[in-house]
Amino acid sequence: MADSYKPSKGMIEEAKKGLEWRREHGRGGTAVGVARARDISNEKNLPLETVKRMHSYFSRHEVDKKAEGFKPGQEGYPSAGRIAWALWGGDPGQTWAANIVKRYTQGAEGGLDLNPEEKIAIALSRALDRILKP
């Protein structure tokens, strides 16, 4: 497993769009979402913990995609939810984070054939998870 993960081109485009929309419309996202968009748009590699937080964000906010103003042509587009979604990397970010978390989880459960470095990285990450959780 890598120590950090490079955002995809689609994520970078979404994050830039989200930052532009936020400046233009004065709404959407939180300080955390803006920070995430800046990291993604600057092509900064993201650590596993950040990828996990992204996956959690997308899981919680999937319902926002059903709200008015999320899709082009709808009243209020782009809605605050659509802007926030873009800040986190949009649909490309959702898929990217889910795939990384799935690989991490499968590897941690022994579902993948991992090399020794990957096994150590997973063990260390899980140990840090336990230590850092309040």
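See above for the structure.
Residues numbered from 1 in each chain as written. Predicted model: local features only at pLDDT ≥ 70, side-chain atom pairs only at ≥ 80, totals over all residues. Heavy atoms only, no water.

### Notes on the pattern of salt bridges
The final tally for this structure, using the stated rule, is seven salt bridges. Notably, a salt bridge pairs Arg82 with Glu14, separated by 3.0 Å at the nearest N-O pair. Highlighted residues: Arg82 in helix 4 (residues 80-87) and Glu14 in helix 1 (residues 9-25), separated in sequence by 68 residues. Glu14 shares its class with Arg82; the two are buried. The shortest N-O distance in the salt bridge between Asp39 and Arg36 comes to 3.7 Å. (Salt bridge = Lys/Arg side-chain N within 4 Å of Asp/Glu carboxyl O. Helix = DSSP H or I, 4+ residues; strand = E, 2+ residues; numbered from the N terminus. Buried < 20%, exposed > 50% of the residue type's maximum accessible area, 1.4 Å probe, protein only.)

### Comments concerning the packing of helix 1 against helix 4
Running from amino to carboxyl end, helix 1 crosses helix 4 at an angle of 140 degrees, the nearest separation of the two axes being 7 Å. Between helix 1 and helix 4, the crossing angle belongs to the class labelled oblique. The crossing of helix 1 and helix 4 is left-handed. Contacts from Glu14, Ala15, Lys17, Gly18, Leu19, Trp21, Arg22 and His25 of helix 1 reach helix 4 at Arg82, Ile83, Ala86 and Leu87. Its residues placed into classes, the contact of helix 1 with helix 4 shows six nonpolar, two polar and four charged. (Axes fitted to C-alpha atoms, helices over the stretch in contact; angles between N-to-C directions. Parallel < 35°, antiparallel > 145°, perpendicular 65-115°, else oblique. Left-handed = near helix turned anticlockwise from the far one by under 90°. Contact = heavy atoms within 4.5 Å. Nonpolar A, V, L, I, M, F, W, Y, C, P; charged D, E, K, R; others polar.)

### Concerning the packing of helix 1 against helix 2 (residues 31-41)
Working note: a packed helix pair is described by the angle between its axes plus the distance between those axes. Where helix 1 contacts helix 2, the two axes come as close as 8 Å, and the packing angle between them is 135 degrees. Judged on the interaxial angle alone, helix 2 and helix 1 are oblique. Here helix 1 and helix 2 pass one another in a crossing that is left-handed. Contact residues: helix 1 offers Met11, Ile12, Ala15, Lys16, Leu19 and Arg22, while helix 2 offers Val34, Ala37, Arg38, Ile40 and Ser41. Among the residues forming the contact of helix 1 with helix 2, the class breakdown is seven nonpolar, one polar and three charged.

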